[in-house]
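Structural overview for review
Residues per chain are reported as follows:
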2 protein chains.
Amino acid sequence: MARINRQWLLATRPADFLTPANFRWNEQQVPALNAGEVLIGLTYLSLDPTNRGWVNEYASYLPPVAIGEVMRGIAIGTVLESRNPRYSEGDRVHGLLGWQRYAVSDGTGLTLLPKDPGFNPEVFFGLLGHIGMTAYFGLLDIGKPRPGETLVVSAAAGAVGSLTGQIGKIHGLRVVGIAGSDDKCRWITRELGFDAAINYKSEPVSQRLKELCPKGIDIYFENVGGAILEAVLDNINLHARIVVCGLISQYNSPQPVPGPANLGKILVCRARMEGFIVLDYADRGMEAMTALGRWHAEGKIRYRVEVVRGLENAPTALQRLFDGSHRGKLIVRVED
Amino acid sequence: MARINRQWLLATRPADFLTPANFRWNEQQVPALNAGEVLIGLTYLSLDPTNRGWVNEYASYLPPVAIGEVMRGIAIGTVLESRNPRYSEGDRVHGLLGWQRYAVSDGTGLTLLPKDPGFNPEVFFGLLGHIGMTAYFGLLDIGKPRPGETLVVSAAAGAVGSLTGQIGKIHGLRVVGIAGSDDKCRWITRELGFDAAINYKSEPVSQRLKELCPKGIDIYFENVGGAILEAVLDNINLHARIVVCGLISQYNSPQPVPGPANLGKILVCRARMEGFIVLDYADRGMEAMTALGRWHAEGKIRYRVEVVRGLENAPTALQRLFDGSHRGKLIVRVED
């Protein structure tokens, strides 16, 4: 059966924001499989802030997406045909399958997902998959929390931030979230159990952190960078840990963004600032999934997923990660 | 016997550089000792870049020196009188004794030094004391070097930097130093065994680092901050460690100095930036002294000490730490 693929290709590199104008829609016939290959029909595509870093001309933690190449994206799908003995028709798989209806893969980087007919892509992307793993390993492995300490989370109403704060509460921390609207602040405090929240668009962040973290900040889970990092550094404790998960405030800047002017706090507080990428934790995924699944079953952790319908809407939807108009996890249902 | 003390008091806070105009000379009679106190006659005073941070109005890792107070300084001296059972006349002691001829102490923060008549204050300040400990614990405990890795050291002809590079060589690292003159670069490569050196005043640092560190930078021992930190971040490897020992380029700035614009490298390289203060290692001093003493006896490590004569010259001499006109360790012989 000849299948027609539908794809978003990277057409141009963005000077600042990644917009629909940077993509080109493409339709072409899916080629016949070579030995060792599988054909995957994508079902759900994850939109993540890190997508922005992949389209710069310089490498981030992965090589740049080339101009004319299918846009890179984390997705799940179903094996439709297989010439690879490790995969069978009907297998559910996960990987960097790209912004397209069909992907041909030699198996590199593919992960098999449970065959359970109750498998729920929203639970997977909102809680158990790379988002949950990022929150789990970032906070616990890099942040090394001790009960009674104070955790501050930025982009606290985002997919990772909202889970991180809740994992912090489960570990006995005081948790203060920073978000960009009063609605988001209400959501994380009233529904997710954060102790307090700061609307960085309307409140003086450094001063509010001082008030809301009377014992100082022990762990900062950094998703944004820029002025908020500086405000947090003003208020860190001795031996504070700054977990660098993302720097979303800088991804779209056409110019280099200066770092915090108070980096000397790292020295006088003997603090540690450490970056991490969830890809490095792939072999420990079961540990995170087991814990996150249990906490969810016990009612200790909630997540929110917003589903955009149709691959054709992916470029427009991606912008919502950067304009502050979403909460929780954003995914695309590939076929509407 | 009535003794007249001679002291440098902090008269005003510096707007930028700490100069003799910020100090006031004072002479006053040494008071009689209370029970529990000792009178110490200072012999040698250490001048350190960190002194600058102690005179700002905000706290660094120690509270600020108050206006009108004796300038804080690390020094050694001899117990002249004692009303404290832990100390006897003739004991040699070390501590934050201040910029003065005599210090009265209740013993807080004092350390007893060996009674050995061969005790050499130059060896102590240049190699075995807080300078050696800073290089030793900063590189080994925070930097965690593995043989074959590449170490970059800034302020590499300074007291700490010159030892750090040599300890790096002892541990099988490729060592590249950054210093502020061709003379200093020659000294660290030809006499101290650094593999290469960069004169940051005449060479493009990022490009030279790329050439001189063909396998990238695994450890950066940071003494300066600013543009050099940014150039180093350009060239770090996956899982690099940035040991924040000092940020001398920023200490004298009247305005906050922006941090590096490429802090995102911490994220994509999963790097760790960590501050430390040698005071935290006080209880492990013997470990460092033993190793440093052995390496020196084996001819594997050299140090350089410059002695300024006379307490009255301390404020003028301190400026040399910041104008780049010295190498190695700067100390003041209190009585000329």
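Refer to the structure above for everything that follows.
Keep in mind that what you see is a predicted model, and the values were worked out from it rather than measured.

It is worth spelling out the overall build of chain A at this point. A tally of regular secondary structure across chain A gives eleven helices and 15 strands. For 336 residues, the compact-globule estimate of 2.2 N^0.38 gives 20 Å, and the C-alpha radius of gyration of chain A, at 20 Å, lies within 12% of that figure. Long-range pairs, those at least 24 residues apart, make up 68% of the contacts in chain A between residues at least 6 apart in sequence. In the form shown here, chain A has an accessible surface area of approximately 13800 Å², with 50% of it arising from carbon and sulfur atoms. Each charge class in chain A was averaged separately, 36 positive and 34 negative side chains, and the resulting centres sit 4 Å apart.

Before going further, it helps to examine the environment of Ala-227 of chain B. Residues and elements named next belong to chain B. Within the secondary structure, Ala-227 is located in helix H7 (residues 227-233). Classification of Ala-227 as exposed rests on a relative accessible area of 65%. Sequence separation between Ala-227 and Arg-333 is 106 residues, and the spatial gap between their C-alpha atoms is 35 Å.

This part takes up the sheet that holds strand E11 (residues 217-222) of chain B. Here we have twelve strands laid out as an open sheet, ordered E10(A)-E9(A)-E8(A)-E11(A)-E12(A)-E13(A)-E13(B)-E12(B)-E11(B)-E8(B)-E9(B)-E10(B), and mixed in their pairing. Where the open sheet ends on each side, the last strands, each with one partner, are strand E10 (196-199) of chain A together with strand E10 (196-199) of chain B. The average angle at which neighbouring strand axes cross in this sheet is 15°, direction not considered. The pairing of strand E11 (residues 217-222) of chain A with strand E12 (residues 236-244) of chain A spans five bridges and is classified as parallel. What sits directly across from Glu-222 of chain A, in E12 of chain A, is Val-244 of chain A. Where helix H4 (residues 159-170) of chain B meets the sheet, it contacts strand E8 (150-154), strand E9 (174-179) and E11 of chain B, and its direction lies at approximately 170° from that of E8 of chain B.

Inspection of the entire model under this criterion finds zero disulfides over all chains. With no disulfide of its own, Cys-269 of chain A has Cys-213 of chain A as its nearest cysteine by sulfur position, at a separation of 14 Å. Residue classification places Cys-269 of chain A among the buried positions, given a relative accessible area of 7%. We note that Cys-185 of chain B lacks a disulfide partner, and the nearest cysteine sulfur, in Cys-213 of chain B, lies 13 Å from it.

Overlaying chain A on chain B yields an RMSD of 0.0 Å, the required transformation being a rotation through 180° with an accompanying axial translation of 0.0 Å. A rotation of that kind, with that shift, is consistent with a two-fold axis. No C-alpha of chain A approaches the rotation axis more nearly than that of Gly-259 of chain A, which lies at 1.9 Å. In this assembly the copies share their binding face: 100% of the residues contributing to the interface of chain A also contribute to that of chain B.

A word on the pairing of E10 of chain B. Residue and element names in this part refer to chain B. Neither face of E10 is open: one carries Ala-196 and Ile-198, the other Ala-197 and Asn-199, and all of them are buried. In terms of strand pairing, E9 meets E10 through four bridges, oriented parallel. Pairing of Val-176 across the sheet is with Ala-196, part of E10. Once the chain exits E9 it traverses helix H5 (residues 182-191) before rejoining the sheet at E10, and the crossover so formed is right-handed.

With that settled, the discussion passes to unusual backbone geometry. Residues and elements named next belong to chain A. Positive phi, normally seen in glycine, also occurs at Lys-144, with a value near 45°. For Lys-144, the position within the fold is in the loop between helix H3 (130-142) and strand E8 (150-154). What makes Lys-144 partly exposed here is its relative accessible area of 48%. Within the chain, His-239 stands out as a residue other than glycine whose phi angle is a positive 60°. Along the chain, the position of His-239 falls in strand E12.

Once that is clear, we can look at the interface of chain A and chain B. The interface is formed by 29 residues belonging to chain A together with 29 residues belonging to chain B. Regarding the contact of chain A and chain B, the summed buried area is about 2300 Å², with carbon and sulfur atoms giving 67% of it. The largest per-residue losses of area from chain A upon contact with chain B belong to Leu-263, Leu-267 and Arg-270 of chain A, which jointly make up 27% of the total buried on that side. Applying the counting criterion to the chain A and chain B interface returns two salt bridges. Note that Arg-270 of chain B is salt-bridged to Asp-280 of chain A, the shortest N-O span being 2.7 Å. At the junction of chain A with chain B, the criterion picks out eight residue pairs in polar contact (both at pLDDT 80 or more). Going through the elements one at a time, E12, helix H9 (264-268) and strand E13 (272-275) of chain A are the ones with two or more residues in the side of chain A that touches chain B.

The rules we used
Residues numbered from 1 in each chain as written. Chains lettered and ligands numbered in written order. Predicted model: local features only at pLDDT ≥ 70, side-chain atom pairs only at ≥ 80, totals over all residues. Heavy atoms only, no water. Helix = DSSP H or I, 4+ residues; strand = E, 2+ residues; numbered from the N terminus. Rg over C-alpha atoms; globule rule 2.2 N^0.38 Å. Contact = heavy atoms within 4.5 Å. Areas by Shrake-Rupley, 256 points an atom, 1.4 Å probe, with all protein chains shown as cover. Lys, Arg positive; Asp, Glu negative; His and termini not counted. Charge placed at Lys NZ, Arg CZ, Asp CG, Glu CD. Buried < 20%, exposed > 50% of the residue type's maximum accessible area, 1.4 Å probe, protein only. Pairing = 2+ DSSP bridges. Axes fitted to C-alpha atoms, helices over the stretch in contact; angles between N-to-C directions. Disulfide = S-S within 2.5 Å. Least-squares fit on C-alpha atoms with pLDDT ≥ 70 in both. Right-handed = clockwise from strand over helix to strand, strands pointing away. Buried area = accessible area lost by both parts, 1.4 Å probe. Salt bridge = Lys/Arg side-chain N within 4 Å of Asp/Glu carboxyl O. Polar contact = N/O pair within 3.5 Å; in protein donor to acceptor, adjacent residues only side chain to side chain.

Honestly, that's just the spatial picture; any functional story needs more than this.
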